[in-house]
Amino acid sequence: MFGRPIKKASPRKRKSLTLKHGPSSKRLSNVGILATPSSKTVAPGSSNIKVLLRVRPSNKKELDDNRWRDVVEVVDKDLVIFDPKEEEDFFFHHGKKQTFRDINKKQPKNLQFNFDRVFGPEEATSDVYQQSIQGLIGNLMNGYNCSVFAYGATGAGKTFTMLGSPDHPGVTPLLMKELYDTLQLENADVDVACSYLEIYNEHVHDLLVESSQPKPLQLREDGASVMVSDLSWHRPASAEDLMSILQAGNLRRTQHPTDANKESSRSHAVFQVLVKMKKRCEGAARSGQVRCAKLSMIDLAGSERAAATTNNKSRFTEGANINKSLLALGNCINALADGLKHVPFRNSKLTRLLKGSLGGNCQTVMIANVSPSNAVYEDTYNTLKYATRAKKIKNRVKKNLISVDITAAETAKELDSARNEIADLQAKVAALQKENLALKRAAEEHICVSVAAVEPPLPLPEPSPVQETPLPTPEASPKALTPQVQEKRNNLEILETLKALRELCKRYEAAAGAKYFLVAELEKLNYNYEVKKLKLQRINELCKDATQIKVTSLEIKTQAQRQNLEEKLFHASTEEEESLAAVKRAIESLQQFDTTIFSFANIMLGPYCESKVKELQFGPCQKLSNQKNVEIETVQNAFLRSSAVLQKCYFALKGLCCVSPEVQAQYEDLLSFVRQSGNVTFKAEEDVPDGKKSDEEFDHLMDEFEQELMARPLDQTFEAAAPPSSESMDATFCIETKKAPKRQPMEAPFRVKPYSGALNTGRI
Ligand SMILES: Nc1ncnc2c1ncn2[C@@H]1O[C@H](COP(=O)(O)OP(=O)(O)OP(=O)(O)O)[C@@H](O)[C@H]1O
């Protein structure tokens with residue numbers, strides 16, 4: 001499946017290879033423990049995390065699909081180029097070199113990344129081990145804590161590098177084997193213990209305990225380090241034993257297929273080995289240094305984009321938890337790289353567990369795994385960026401030594417004093433037993449004396465010297481409370497207090513466990529809240545967009561309608577202006593004719609033109625006024641009629657002498673009011689010329705005028721005809737009012753001026 005031969009280096013690559021070789025080998029010599037396996041010790045102090053990059057070979061899927069290309073180019077042993085520039089095709093135009101450029105294509109990033117060591121696709125795990133990991137054995141033997149962790153996207157080769165397979169063992173089995181080989185050569189008493197756990201969905205599980213429903217374990221802070229309570233520790237007798245333990249743990253690890261990896265590990269796995277080593281005696285004196293070191297091999301779960309997860313909810317939660325913990329790890333890496341005081345280790349279980357390995361007392365190696373294919377372009381880019389940041393992290397390393405240097409004389413002295421102490425204690429025990437016996441006898445004698453009068457004394461059984469007797473209470477036998485008894489009582493009290501203390505500890509552990517569980521729940525809740533908030537914000541944004549789109553489309557529609565109406569209005573205005581101009585022109589042309597004819601036309605047509613103008617100007621107002629007048633007249637008619645009826649009623653009552661002074665006063669009051677109002681009469685209907693009638697009459701007059709004109713001889717002039725009297729005009733158009741003091745005269749627009757004798761063109 002794998003093993004595509006590495007592409008032949010292009011001329012450009014070869015050039016950079018030769019160029020880079022010198023400085024890089026220099027840099028490699030500075031890498032220290034990682035560069036040379038022989039350098040087995042490190043100086044205490046601060047040391048940077050060593051970061052290796054491993055590029056796995058392309059797999060069959062990537063090779064078969066011609067959509068994918070390689071985006072990681074291993075240039076040298078410590079240098080890679082991400083998204084390198086491709087060879088450009090060129091041509092010459094007017095003697096100048098030109099390149100073909102596809103403007104639709106994204107420009108390559110062409111970024112260089114430096115690491116302590118870069119392993120290309122052709123390099124085996126054994127190369128990684130020999131060149132970068134093997135050196136950790138020496139550090140472990142010298143009492144330094146060591147950590148190796150693999151980081152990268154899903155399917156990038158983390159598990160392959162860390163655990164491998166029987167054919168291609170990973171760095172963990174290689175390291176374990178070598179550790180045992182080295183320990184065997186040491187002249188020392190060695191104690192090796194191991195544990196294996198996984199963090200799955202933010203729960204810690206022991207991988208070395210068989211259980212159908214594994215109980216999540218709690219993390220406990222222990223000063224600078226973090227402990228896992230109830231985690232099982234196993235003492236492997238040999239390297240093989242240790243390998244079988246590791247194998248058993250691997251089988252229990254949570255795995256599910258992902259897009260990129262059919263056997264993807266969906267949990268972070270932490271394999272820890274504790275090595276305690278005490279040098280054996282050499283001669284009279286012995287070196288009593290006990291070296292303790294912890295080795296942590298961490299295989300992180302691979303990050304995966306949410307889009308790549310299927311619709312499966314549990315897979316989604318799994319992916320979200322993995323990404324959350326990797327994000328927390330990234331934040332810790334950033335904080336440590338920036339040298340910040342506060343590092344957010346508490347944000348996830350993974351970072352809490354890695355606290356000792358990142359920025360603590362530990363030699364740490366990070367193996368960043370990447371795939372060469374651009375199918376996981378973003379993941380690879382992120383891994384390279386994180387790995388580069390991690391290079392800046394400084395750990396403070398120190399040996400874990402417990403000094404137990406004692407000379408032989410001192411040991412002999414210690415032994416003598418211990419023997420003396422034992423003898424003292426034995427003597428004390430004998431004395432106490434004697435005393436107990438005496439007390440018991442005394443008590444029995446006391447009982448015998450008191451019952452002697454009733455019963456004959458029974459022979460007492462011989463007391464056993466070792467038999468425990470209950471202590472007499474102070475009330476029963478105050479004299480018997482010797483210092484020894486008091487001491488025993490004190491011891492019992494201490495025992496009781498210790499028991500109570502143990503209960504309290506248990507209660508404390510339960511409470512702390514519950515607290516950590518709640519903290520985890522709270523973190524989960526916060527995370528879910530953040531995710532939901534983001535979703536809602538996104539929905540809100542989308543809604544805003546939709547509203548904006550609606551408003552915009554409404555604006556566009558209204559704008560179109562407005563434009564349409566404005567165009568129509570413009571045309572209408574233009575037409576109006578044009579027709580007005582035409583009317584003016586016609587009147588001007590009329591004025592050019594013979595004045596006599598003009599005056600005749602003026603006399604004949606003037607009133608009609610005038611009325612036409614009025615109709616145009618005041619037609620609607622006139623109609624409204626007429627309507628009001630009709631209403632007023634109706635009210636007045638009703639008033640007059642009811643007055644007549646009222647009068648008749650009054651007289652009838654008077655004839656019957658039934659008019660009370662009050663009715664009389666009301667009648668007179670009404671009478672005076674009617675007299676004051678006067679006799680108001682209205683014309684039945686205004687004679688408002690409607691346009692049609694006016695036009696017909698106008699046409700008729702025009703015909704008459706034409707006939708007159710045709711009949712007359714040319715030299716004969718017209719006699720000026722008298723204009724219609726202003727009275728008659730007024731009578732036609734005005735409301736007739738007689739003694740109507742309370743009625744207001746009509747407003748100007750309701751009055752039509754009588755004919756003035758000439759066409760008033762200015763009023764049009
Ligand atoms: N250097 C390599 N040489 C050959 N095969 C490799 C190499 N690295 C990885 N592989 C293969 O690639 C596949 C995925 O590798 P692996 O399971 O180690 O990925 P991973 O990073 O652990 O993924 P996940 O995070 O999903 O568990 C496996 O089939 C493995 O055999």
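Residues numbered from 1 in each chain as written. Predicted model: local features only at pLDDT ≥ 70, side-chain atom pairs only at ≥ 80, totals over all residues. Heavy atoms only, no water.

(A) Spotlight on the sheet that holds strand β7 (residues 111–114). The strand order across the open sheet formed by three strands is β3-β4-β7, and the pairing between neighbours is antiparallel. Edge strands, defined here as strands with exactly one partner in the open sheet, are β3 (72–76) and β7. Going across the sheet, the axis of each strand differs from the next one's by a mean of 30°, ignoring polarity. Pairing between strand β4 (residues 79–82) and β7: four bridges, direction antiparallel. (Pairing = 2+ DSSP bridges. Helix = DSSP H or I, 4+ residues; strand = E, 2+ residues; numbered from the N terminus. Axes fitted to C-alpha atoms, helices over the stretch in contact; angles between N-to-C directions.)

(B) Here's a closer look at the UniProt feature "binding site: ATP" (unreviewed entry) in the protein chain. The sites that carry the UniProt feature "binding site: ATP" (unreviewed entry) are, in the present numbering, G152, A153, T154, G155, A156, G157, K158 and T159. Mapped onto the secondary structure, A153 falls in the loop between β9 (146–152) and α5 (158–162). Of note, T159 is situated in helix α5. The partly exposed category is assigned to T159, whose relative accessible area is 28%. (UniProt positions renumbered as here; feature names shortened; annotations may be inferred. Buried < 20%, exposed > 50% of the residue type's maximum accessible area, 1.4 Å probe, protein only.)

(C) Fine view of the site of the ligand. Looking at the ligand, there are 16 residues lining it, with T154, K158, T159, F160 and S264 nearest. Here an oxygen atom of the ligand and a backbone polar atom of A156 are 3.2 Å apart. Within the backbone of F160, one N or O atom sits 2.7 Å away from an oxygen atom of the ligand. Relative to its unbound accessible surface of 620 Å², the ligand loses 83% to contact with the protein. Sorting the residues of the shell around the ligand by element identifies α5 and β15 (264–265) as the ones contributing at least two each. Residue contributions to the shell around the ligand peak at three residues, all from α5. In the shell around the ligand, the residues fall into five nonpolar, eight polar and three charged. (Near = heavy atom within 4 Å. Polar contact = N/O pair within 3.5 Å; in protein donor to acceptor, adjacent residues only side chain to side chain. Areas by Shrake-Rupley, 256 points an atom, 1.4 Å probe, with all protein chains shown as cover. Nonpolar A, V, L, I, M, F, W, Y, C, P; charged D, E, K, R; others polar.)

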